[in-house]
Amino acid sequence: MRFRLLGTVEIRAIDSWVRLERPRRRAVLAYLLLAANRTVTAGELAEAIWGALPPSTARTQTQNDIAAIRKALAANGHPASIVTRTGGYELITEPDDVDYHVFRRRVAAAAGAARHADWPAAADDLQAGLALWRGPVLADIVAAFVEPTRARMADQRLDAVERLAEARITMGAHDEQIPVLRELLGDHPQRERPAALLMLALHRAGRRADALAVARDLRGHLREQHGLDPSQAVVDMERRILRDAPVATVDDAVAPARGPDQLPMDVRLLAGRETQLAELSALLRRPAGDRIVLVTGTAGVGKTALAVRWGHQEGGEFPDGVLFVDLRGYDRRRPLTPLEALHRTLTGLGVDAPRLPSDPDDASALLRSLTAKGRYLVVLDNARSAEQVRPLLPGAGSCFVVVTSRDRLPGLVASHSVTRIDLPALDPADGVRILEQVIGVRRTSAEAAAAQALVDLCGGLPLAIRIVAADLCDAPDRTLARQHALLREHRLSALDNRDDPEAGVRSVLRTTYATLPQPCQRLFRLLSVLPYAEIGVVVASAADGRDQAAVQADLDRLLGVHLVERRAPGRYGFHDLPRAFAAEQADAVETAASRAAATARVLARYRELLDEASATLYPEAMRLVRGATKAAPPAAVDRLAEPADAREWLTTEYTNLLACVALAHEQGLPDAAWRLAGSLRGHQLSIGAWHDLAATASIAVTAATICGDARGEALSRLSNGDAMRRLAQHAPAIAEYDMALRLAEADDWPECQAAILGHLGIVHLRRGQLTMAADYYTRDLEICRRIGWPAAQAVALGNLGNCAYHLGQYADAVHAFEEAASLARQTSSTAVEALACLNAGTVSLEIGDAALARAYLDRALVLHGELWRTGDKITVHTELARVNCATGDLVAARRHLRRARELAERLGDASLDPSLRVQLCLSAAVVHAAGEELAQAEAALTEAVELAETYGLAFQRAGALIHLAGVLTRLGRSERARGHAATALAICQRSEFHGLTARAASLLASLPPN
């Protein structure tokens, strides 16, 4: 044993027990140990520690605590480990490593021994389990989860003490147990079982009067304190003592003989179901909890195994018997009728065949009568419908029913109080544990990566994993890598069970599929043709060709039998193996033409919706798309006219839209491919998805070339150039822009010419070629004025202002930005106005007008609140950090820098423009320098210089070198400062950065000569 919770929380060191120093860390460790080998989400852990309102720093504090616990485990030589999972943590350890889990296992073993009247074994297990308790549980921690957990665990200990007393009394040690039970009853006068046990012990010791006095005292206490009478067990014990009838156990006072125990043999290969087993046990012990539990999940996920394992663990809680009926709801054999199922249940309860009612209602009434005063567990396995289940439900609240079904049985849930437990596929680690149980830890560990890959191909389905494990047992010389290759090549065939074909994965999926109506089967097949991880009803309807209401009903039906999963509200997806089965059925049943038609309908619907959403959010980008397709603007958009709706739709469908571009190309629909890519371009530019833009633009260029569509190719090459420019591949970007410009000029397409010229100006500006950049911007502006495109004129004016800023012509720059902002306001081009205000703020700060800079930047921040351009928001916050440094408000400066970093982290490195990465470093350096943290400022500026040099950002490199030289001067390292200032001056002179040239020259002149 390596961890102790039954007392203070302790870790086993080499030769002693130790405690973590901080109480909260002990609490985190304790919670993870209670949930050992299960992923605990960060939110669940925070609520467990702090309650419903955790502090804003909960995630950071938890990460620090986890790191400290990991360090403590390693320092004490522990094999246990805390693994970071998606959204949470999992403490991986052996079951016998935690005293509480050992206690629970001992109690469960004792219950099993007691069911078979092996009282000495039951007593040994209970004594061993109780010996682990060292005092109040979780004694040295304070956290939100502790009190309810402590109360639950204390109840479990009392229950074990009572069970031990019963075992010892049954073995003849009644005199020994009388003082134990008197003390227990004195501490817990409301508990009736120790009272009944004390009565039994006294009666067997020949002390009838004392035994009857216990009943009188209990009755008086319950009536006075709670207004209740004693339970039937106590009353019956009292009656039997009055009659001087022999009583072997407390249960004998109620039932002279034990009822049926029909559970099948417990399964050995069960892993990863600790949470569900605990949930079932918690429901059983909850006084006001539901008495019917529906365990539901896809075929082969282990529903029956879970129910059987739990039944064996908790069978001791049902002294009157355990009933088990296989309803054959999803079976090659026909399902049992309600009457057949009732007859089997009644036979198990001892009803002879001649007495079995022929009417289902009479049989159901007899079942309720026979179970009315008992405590039975009823397991109804493999149910197909609520109609099968309802007649088999006992009427007594003392009984407990577990139903397993592939169907979610909404009718049963609607008509009865039912708790539904959805059984998911196994986590990868639990799947590997099943492999280990079958083929051994050594063989599994020797090819750990292959073992993980096998579990992944099995989709985490226990049935599939067991079949693979059995195949490996039959082939001891076969490597796991070879088994993985076979499974990948023959997915479902490799998961057939050779010894029992009806138990293979394909077979169990087929039995579910066969229950579906024909239209639903067709929908299931056609969805597998699509390459998307998840879809909504609109797209599913396009694939199927029927109206949305009919398709929604069939999606709900597929969801109900777990052939699809609900990934999010209104979003549906396949589990891996049902998808493989659906694809197999599609290949067998659907013609190539019907599959192609479904794909074409889906692509057409996606393009229609994408055009609507993009027209709402990115009208200027869609103007180019309409120009390329020579289509008029849509008369009205459908349901995506509101920006919030359009943005939400694009966020949800973005991954599928990427797949649409590739799918159209693969399906030989090049026209659809480049048009989809063109319509997606505005969104990709907005969210900074540069790598995705490069991929879709590359496909679009090929597709447009195949179509011979000059405008389509020009637009696609413009997109390709944009991606390359954003990825700092300046020379290839210029080549793409030049080719796009030639195509647009040849086809007399001025809108596209203007856009390309503006982007050529941007890339040359980044390279420090300001004269060329200004020329491109001027040509861009002239075309926009000539064709009457005011929104694009505002963009061109902003670009010219940026060029003036780089040239050091600050007044001209501010004037251009103000003109651009004014024109953008007139055309409701919020994004363009926001960018113009941002740039005007940057220039105002450069010329020393911090108040004006703040006004511009505050306006930009307000405008960006209406947009979705995270990159520009980052820049606004970095500039506001610099403004606040200039005005001496270091607290506000740090706040803005922190917000910029948070946004950058959310955006991710792949979508973060290189210039933004440099900007973040520069802003951090300014803040550090303002706080006299010169070493940190030097580090940030060094990183900025390296990034700018790597990505060819000449202006930012020169600015960073000047800042770095200034910081080094303050550190007294003038020689290095001079070198950096000289390099900056050379870059500025070579690139026409006149404003920076003056600064670099002034700094260089102020430094002492070498």
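Computed from a predicted structure; not experimentally measured. (Residues numbered from 1 in each chain as written. Predicted model: local features only at pLDDT ≥ 70, side-chain atom pairs only at ≥ 80, totals over all residues. Heavy atoms only, no water.)

**Student:** Provide a residue-level description of the overall build of the protein, including the pertinent values.
**Tutor:** A tally of regular secondary structure across the protein gives 46 helices and 13 strands. The C-alpha extent of the protein, read off along each of the three principal axes, is 115 × 70 × 60 Å. Here the protein, with 1010 residues, has 54% of them falling under the buried criterion. Nonlocal contacts in the protein, meaning residues at least 24 apart in sequence, comprise 67% of its contacts between residues at least 6 apart. Working note: accessible area of the protein is about 42100 Å², and carbon and sulfur atoms make up 52% of it. Charged side chains of the protein number 117 positive and 123 negative; the gap between the two group centres comes to 2 Å. (Helix = DSSP H or I, 4+ residues; strand = E, 2+ residues; numbered from the N terminus. Buried < 20%, exposed > 50% of the residue type's maximum accessible area, 1.4 Å probe, protein only. Contact = heavy atoms within 4.5 Å. Areas by Shrake-Rupley, 256 points an atom, 1.4 Å probe, with all protein chains shown as cover. Lys, Arg positive; Asp, Glu negative; His and termini not counted. Charge placed at Lys NZ, Arg CZ, Asp CG, Glu CD.)

**Student:** Explain the pairing of strand β12 (residues 565–568) to me, using residue names and the numbers behind them.
**Tutor:** Bridge analysis of β12 against strand β13 (residues 571–573) gives three bridges, and the strand direction is antiparallel. Looking across to β13, one finds that Arg566 is bridged to Tyr572. In this structure, the hairpin formed by β12 and β13 is closed by a connection of two residues, where Gly570 is found at a positive phi of approximately 75°. (Pairing = 2+ DSSP bridges.)

**Student:** Let's hear about the sheet that holds strand β1 (residues 3–4): which residues, and what values?
**Tutor:** Pairing within the open sheet is antiparallel, and its three strands lie in the order β1-β2-β3. In this open sheet, the two edge strands, each paired with only one partner strand, are β1 and β3 (17–18).

**Student:** Describe in detail helix α41 (residues 890–907), supporting the description with residues and values.
**Tutor:** One turn of an α-helix holds 3.6 residues; hence residues three or four places apart share an orientation. End to end, α41 covers 26 Å across 18 residues, agreeing with the expected 26 Å (1.5 Å per residue, within 8%). Buried-residue contacts for α41 involve α30 (670–687), α40 (870–886) and α42 (914–930). Once α41 finishes, Gly908 follows within two positions and takes phi at roughly 90°, a positive value. (Expected span 1.5 Å × (residues − 1).)

**Student:** Which residues make up the nonpolar core, and what values go with them?
**Tutor:** Among the nonpolar cores identified, the biggest contains 137 residues, and Trp310, Phe400, Val505, Tyr532, Trp649 and Ile756 are the most heavily contacted of them. Among the elements that line this core, the one with the most residues is helix α29 (residues 643–666), at nine residues. By size, the runner-up hydrophobic cluster in this structure holds 74 residues, among which are Ala48, Ala72, Leu130 and Leu138. (Core = buried A, V, L, I, M, F, W, Y, C linked by side-chain atoms within 4.5 Å.)

**Student:** Let's hear about the pattern of salt bridges: which residues, and what values?
**Tutor:** In the structure shown here, the tally under the stated rule is 51 salt bridges. We note a salt bridge from Asp140 to Arg19, for which the minimum N-O separation is 2.9 Å. Placement of the pair is Asp140 in the loop between α5 (119–130) and α6 (146–170) and Arg19 in the loop between β3 and α1 (23–34), with a sequence separation of 121 residues. Assessed through its relative accessible area of 13%, Asp140 is described here as buried. Assessed through its relative accessible area of 48%, Arg19 is described here as partly exposed. Of the charged contacts, one joins Arg725 and Asp722 as a salt bridge, the two residues approaching to 3.8 Å between their closest N and O atoms. Taken together, the residues Arg725 and Asp722, both in helix α32 (residues 710–726) and three residues apart, mark about one turn of the helix. Considered together, Arg725 and Asp722 belong to a single accessibility category, that of buried residues. Here the salt bridges do not stand alone but share partners, grouping Arg522, Asp544, Arg546, Asp554 and Arg557 into one network. (Salt bridge = Lys/Arg side-chain N within 4 Å of Asp/Glu carboxyl O.)

**Student:** Requested: an account of the UniProt feature "repeat: TPR" (unreviewed entry) in the protein, with residues and values cited.
**Tutor:** Feature annotation in UniProt assigns "repeat: TPR" (unreviewed entry) to the following positions: residues 794–827. Between the C-alpha atoms that bound residues 794–827 the distance is 9 Å, and the span itself is 91% helix and 0% strand. (UniProt positions renumbered as here; feature names shortened; annotations may be inferred.)

**Student:** Provide a residue-level description of the sheet that holds strand β11 (residues 418–422), including the pertinent values.
**Tutor:** In spatial order, the strands read β8-β9-β10-β7-β11; together these five strands make up an open sheet with parallel pairing. Looking at strand neighbours, the two that pair on one side only are β8 (321–326) and β11, the edges of this open sheet. For this sheet, the mean angle separating the axes of adjacent strands, direction not counted, is 15°. Looking at chain direction, strand β7 (residues 292–296) and β11 are connected through five bridges and run parallel. The partner of Leu294 across the bridge, within β11, is Arg420. Running over the sheet, helix α12 (residues 303–314) touches β7, β8, β9 (376–383) and β10 (400–405) and is turned about 160° from β10. (Axes fitted to C-alpha atoms, helices over the stretch in contact; angles between N-to-C directions.)

**Student:** Can you lay out the side chain of Gln177 for me, pointing to particular residues and giving the numbers?
**Tutor:** Mapped onto the fold, Gln177 is located in helix α7 (residues 174–187). Within polar-contact distance, the side chain of Gln177 engages the side chain of Glu176 at 2.5 Å. In this view, Gln177 contacts Ala165, Arg168 and Ile169; residues no more than four positions away in its chain are not counted. (Polar contact = N/O pair within 3.5 Å; in protein donor to acceptor, adjacent residues only side chain to side chain.)

**Student:** Lay out the packing of aromatic side chains in plain terms, naming residues and giving numbers.
**Tutor:** Throughout the structure, instances matching the rule amount to 14 aromatic pairs. With 5.5 Å between their ring centres and 80° between their planes, Tyr513 and Phe581 make a pair best called edge-to-face. Residue Tyr513 is found in helix α22 (residues 505–513), and its partner Phe581 is found in helix α26 (residues 576–589); the two are separated by 68 residues along the sequence. Look at Tyr513 and you get buried, because its relative accessible area is 8%. Over the face of the ring belonging to Trp17 we find Arg4, whose NZ or CZ atom lies 4.1 Å from the ring centre. Lying across the ring of Trp133, Arg157 places its NZ or CZ 5.9 Å from the centre. (Phe/Tyr/Trp six-rings, centres within 6.5 Å; stacked < 30°, edge-to-face > 60°. Lys NZ or Arg CZ within 6 Å of the ring centre and 35° of its normal.)

**Student:** Give me the lowdown on the packing of helix α27 (residues 592–617) against α30, citing residues and values where you can.
**Tutor:** As a packed pair, α27 and α30 sit with axes 9 Å apart at the nearest point and diverge in direction by 25°. One way to sum up the angle between α27 and α30 is to call them roughly parallel. Here α27 runs over α30; the crossing is left-handed. Contact with α27, carried on its side by Leu603, Tyr606, Arg607, Leu610, Asp611 and Ser614, involves Arg675, Leu676, Ser679 and Leu680 of α30 and no other residues of that element. Here the contact of α27 with α30 is built from residues that sort into five nonpolar, two polar and three charged. (Parallel < 35°, antiparallel > 145°, perpendicular 65-115°, else oblique. Left-handed = near helix turned anticlockwise from the far one by under 90°. Nonpolar A, V, L, I, M, F, W, Y, C, P; charged D, E, K, R; others polar.)

**Student:** Describe helix α37 (residues 810–826), and please don't skip the residues or the numbers.
**Tutor:** A rise of 1.5 Å per residue sets the reference length of α37, with its 17 residues, at 24 Å; its end C-alpha atoms lie 25 Å apart and thus fit the reference within 8%. Restricting attention to buried positions, one finds in α37 the residues Tyr810, Ala813, Val814, Ala816, Phe817, Ala820, Ala821, Leu823 and Ala824. Trailing α37 by a residue or two, Ser828 shows a phi angle of about 55°, which is positive.

**Student:** Could you give an account of the side chain of Asp913, with specific residues and numbers?
**Tutor:** The topology assignment puts Asp913 in the loop between α41 and α42. Polar side-chain contacts of Asp913 include one of 2.7 Å to the side chain of Ser915. Those residues in contact with Asp913 that sit more than four places away from it in its chain are Trp690, Arg726 and Arg766.

**Student:** Could you give an account of the pairing of β9, with specific residues and numbers?
**Tutor:** Counting buried residues in β9 gives eight out of eight residues, a clear majority hidden from the surface. With six bridges joining them, β8 and β9 adopt parallel strand pairing. Looking at the pairing, Val325 lines up with Leu380 of β9. Where β9 meets β10, five bridges bridge the pair, whose relative direction is parallel. Bridge assignment links Leu380 to a residue of β10, and that residue is Val403.

**Student:** Break down the environment of Glu713 for me, citing the residues and quoting the values.
**Tutor:** Along the chain, Glu713 turns up in helix α32. Since its relative accessible area comes to 14%, Glu713 is described here as buried. In sequence terms Glu713 and Ile439 are 274 residues apart; their C-alpha atoms lie 57 Å from each other. Apart from the residues lying within four places of it in its own chain, the contact partners of Glu713 are Ala704, Thr705 and Leu743.

**Student:** How would you sum up unusual backbone geometry? Please name residues and give values.
**Tutor:** Here the phi dihedral of Leu138 falls at roughly 50°; this positive angle occurs in a residue that is not glycine. Mapped onto the elements, Leu138 comes out in the loop between α5 and α6. Despite not being glycine, Leu409 shows a phi value in the positive range, around 45°. Mapped onto the elements, Leu409 comes out in the loop between β10 and α16 (410–415).

**Student:** Which residues make up the environment of Arg134, and what values do they have?
**Tutor:** Assignment of secondary structure puts Arg134 in the loop between α5 and α6. Residue Arg134 is classed as partly exposed on the basis of its relative accessible area, which comes to 33%. When neighbours within four sequence positions are excluded, Arg134 is seen to be in contact with Arg4, Leu5, Leu6, Gly7, Thr8, Glu10 and Asp99.

**Student:** Before we move on, could you go through the packing of α6 against helix α8 (residues 192–204) and cite the residues and values that matter?
**Tutor:** Where α6 contacts α8, the axes come no closer than 10 Å and their chain directions differ by 15°. The angle between α6 and α8 places the two elements in the roughly parallel class. Crossing of α6 over α8 shows left-handed handedness. For the pair α6 and α8, the contacting residues are Glu162, Ala165, Glu166, Ile169 and Thr170 in the first and Arg193, Pro194, Leu197, Leu200, Ala201 and Arg204 in the second. When grouped by side-chain class, the residues that make up the contact of α6 with α8 number six nonpolar, one polar and four charged.

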